[in-house]
Amino acid sequence: NHKMYFAPMSPEPQSEPTPGSPLAQAIDTSFGSWADFQEEMTNAAATVFGSGWAFLVLDPVTGELSVIQKPNQDSPYMDGLIPLLGIDVWEHAYYLLRGPDRGDYISAWWDVVDLAKVEEAFARVTAS
């Protein structure tokens, strides 16, 4: 999980999917819009009970994207899903810098997520 968590982070990120890209189209199909996806991902991360993760995943059977929560260190791979983006909401990810304010951490996380890297991951897993 941590390798995938850090991989899409960048000091100068692409903050949204490239318009018309396969990832942008899949997000629009699954969530309605980038803003709707971002809201769903943020809500999933904010409401994980205790420690865990929120993930954007691809179902390789249906080709659909969804947002899921996983407790503790559990991985979407355990359910046959492919994680494309994940946020660690264990307190060790944010507590020293932000105290108990998980929402502030989630907002700051969006500022470093590089969607170009998520687009690359999506292209890799959907290539046939």
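Residues numbered from 1 in each chain as written. Predicted model: local features only at pLDDT ≥ 70, side-chain atom pairs only at ≥ 80, totals over all residues. Heavy atoms only, no water.

We now examine the pairing of strand S3 (residues 82–88). Two faces belong to every sheet, and in a regular strand the side chains alternate between them. With seven of its seven residues buried, S3 lies for the most part within the structure. In this sheet, S3 lies alongside strand S1 (residues 52–58) in antiparallel orientation, the contact comprising six bridges. Each bridged residue has a counterpart across the sheet, and for Val57 the counterpart in S3 is Pro83. (Buried < 20%, exposed > 50% of the residue type's maximum accessible area, 1.4 Å probe, protein only. Helix = DSSP H or I, 4+ residues; strand = E, 2+ residues; numbered from the N terminus. Pairing = 2+ DSSP bridges.)

This part takes up the packing of aromatic side chains. Using the criterion set out here, one finds six aromatic pairs in the structure. Residues Trp34 and Phe37 carry aromatic rings whose centres are separated by 5.2 Å and whose planes lie at 45° to one another, so their mutual orientation is tilted. Of the two residues, Trp34 and Phe37 both sit in helix H3 (residues 34–46), three residues apart, roughly one turn of that helix. Taking the relative accessible area as the measure of exposure, Phe37 reaches 0% and is therefore buried. Taken together, the ring pairs connect Phe31, Trp34, Phe37, Trp109 and Trp110 into an aromatic cluster. (Phe/Tyr/Trp six-rings, centres within 6.5 Å; stacked < 30°, edge-to-face > 60°.)

For the rest of this paragraph, the subject is the nonpolar core. If you look at the biggest cluster of nonpolar residues, it comprises 29 residues, and the most contacted ones within it are Phe37, Met41, Leu65, Leu84, Leu85, Ile87 and Trp110. Broken down by secondary-structure element, the contributors of at least two residues to this core are helix H2 (22–31), H3, S1, strand S2 (65–71), S3, helix H5 (102–110) and helix H6 (115–126). The next biggest cluster of nonpolar side chains, apart from the first, holds five residues, and it includes Trp53, Phe55, Val57 and Ile68. (Core = buried A, V, L, I, M, F, W, Y, C linked by side-chain atoms within 4.5 Å.)

We now examine the sheet that holds S1. The three strands are arranged S2-S1-S3 in an open sheet whose pairing can be described as antiparallel. A strand with exactly one partner marks an edge of an open sheet, and here the two such strands are S2 and S3. Adjacent strand axes in the sheet meet at a mean angle of 25°, parallel and antiparallel pairs treated alike. (Axes fitted to C-alpha atoms, helices over the stretch in contact; angles between N-to-C directions.)

Along H5, the residues classified as buried are Arg102, Tyr105, Ile106, Trp109 and Trp110. For H5, the angular spread of the buried residues around the axis is 140°, confining them to a single face. (Arc of directions from axis to C-beta.)

What follows deals with the packing of H2 against H3. Between H2 and H3, whose axes approach to 8 Å, the crossing angle comes to 70°. In terms of orientation, H2 and H3 fall into the roughly perpendicular class. Crossing geometry of H2 relative to H3 is assigned as left-handed. Counting all contacts with H2, which are made through Ile27, Asp28 and Phe31, the residues of H3 involved are Trp34, Asp36, Phe37 and Glu40. (Parallel < 35°, antiparallel > 145°, perpendicular 65-115°, else oblique. Left-handed = near helix turned anticlockwise from the far one by under 90°. Contact = heavy atoms within 4.5 Å.)

Moving on: the pattern of salt bridges. For the structure on display, the rule yields one salt bridge. For the salt bridge of Lys70 with Asp79, the shortest nitrogen-to-oxygen distance reads 2.5 Å. Taking relative accessible area as the criterion, Asp79 reaches 46% and is therefore assigned partly exposed. (Salt bridge = Lys/Arg side-chain N within 4 Å of Asp/Glu carboxyl O.)

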